[in-house]
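One-letter residues, chain by chain:
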Amino acid sequence: MRAKLVAWGNELIGNKCWSVTYGEGAGSVVFLGFGGMVRRGKPIANRHLTIMERYFDPQFSILVYSAWRLSKNKKIICGWRDDNSNHGEAKRFLEYLRHKRVTSIELSDDNDLKIVFEEGLVYDIFCDITDERGHMNYHVSLGSEYLTVGVCGKITLYNANNS
């Protein structure tokens, strides 16, 4: 399964992040979408989303539940515990990722994930969910399948049609 996660990361390289969802009502959960656009069967009626986010799903995505931080030029600019209001600093800084190309991916032995973007932006995800009460650290889409990186970094593969 780790090989699939590495392959997903390699597919991200060269793609731009065009969907960034974060803010009130979601806690510190972050959704990032990359690559091509797949038309949704029915648009999402959420005024906080862009027109593209309402009408299209991303080719590649990641949904992050665990601790994360964003840095620019090796300086931390925001993290998962910062103000998550729709007009807060964290939302404003996460918007920096929109339209930025992924330049590299790093995956630690514990499945912490580092997504490096152009212009010195780095989004770090930490597998801090360590007990069964936690749901997952993050999950990534693989078309009709998705990988969940859960408790203590354990990877599980799910089929979207037959979860």
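So, here is what we can say about the structure in this document.

Criteria and cut-off values
- Residues numbered from 1 in each chain as written.
- Predicted model: local features only at pLDDT ≥ 70, side-chain atom pairs only at ≥ 80, totals over all residues.
- Heavy atoms only, no water.
- Helix = DSSP H or I, 4+ residues; strand = E, 2+ residues; numbered from the N terminus.
- Buried < 20%, exposed > 50% of the residue type's maximum accessible area, 1.4 Å probe, protein only.
- Contact = heavy atoms within 4.5 Å.
- Pairing = 2+ DSSP bridges.
- Axes fitted to C-alpha atoms, helices over the stretch in contact; angles between N-to-C directions.
- Phe/Tyr/Trp six-rings, centres within 6.5 Å; stacked < 30°, edge-to-face > 60°.
- Polar contact = N/O pair within 3.5 Å; in protein donor to acceptor, adjacent residues only side chain to side chain.

1. Some thoughts on the environment of Val64
With respect to the element layout, Val64 can be found in strand S3 (residues 56–64). Its relative accessible area of 0% is what places Val64 among the buried residues. In the structure, Val64 is positioned 28 residues away from Arg92 in sequence and 17 Å away in space, judged by C-alpha atoms. Val64 has contacts with Ser28, Val29, Val30, Tyr123, Ile125, Asn137 and Tyr138, leaving out every residue within four places of it along the chain.

2. Some points on the sheet that holds strand S2 (residues 30–39)
Taken together, the six strands give an open sheet; going across it, the order is S1-S2-S3-S9-S10-S11, and neighbouring strands pair in antiparallel fashion. Here the strands that pair on one side only, and so sit at the sheet edges, are strand S1 (17–21) and strand S11 (155–159). Each strand of the sheet is rotated relative to its neighbour by a mean of 25 degrees, with strand direction disregarded. Bridge count between S3 and strand S9 (residues 138–142): three bridges; the pairing is antiparallel.

3. Some remarks on the packing of aromatic side chains
One pass over the full model with this rule turns up five aromatic pairs. Both rings, one in Tyr22 and one in Trp68, keep their centres 5.7 Å apart while their planes meet at 90 degrees; by these two values the pair is edge-to-face. Here the residue Tyr22 occupies a position in the loop between S1 and S2, and Trp68 occupies one in strand S4 (residues 68–72), the gap between them amounting to 46 residues. The class of Trp68 is buried, set by a relative accessible area of 1%. Judged by centre distance (5.6 Å) and plane angle (35 degrees), the rings of Trp68 and Tyr123 are tilted. One end of the pair, Trp68, is in strand S4; the other, Tyr123, is in strand S8 (residues 121–125), with 55 residues separating them in the sequence. Like Tyr123, Trp68 is buried.

4. A few points about the sheet that holds strand S7 (residues 113–117)
Here five strands make up an open sheet; going across it, the order is S5-S4-S8-S7-S6 and the pairing antiparallel. A strand with exactly one partner marks an edge of an open sheet, and here the two such strands are strand S5 (75–79) and strand S6 (102–107). The sheet shows a mean angle of 20 degrees between the axes of neighbouring strands, taken without regard to direction. Here S7 runs beside S8; their pairing, made up of four bridges, is antiparallel. Bridged to Ile115 within S8 is Tyr123.

5. Digging into the side chain of Asn111
Secondary-structure assignment places Asn111 in the loop between S6 and S7. Take Asn111: its relative accessible area is 5%, and that puts it in the buried class. In terms of polar contacts, Asn111 uses its side chain to reach the side chain of Arg2, at 2.4 Å. Leave out the neighbours within four places in its chain, and Asn111 touches Arg2, Leu5, Cys127, Tyr138, Val149, Gly153 and Ile155.

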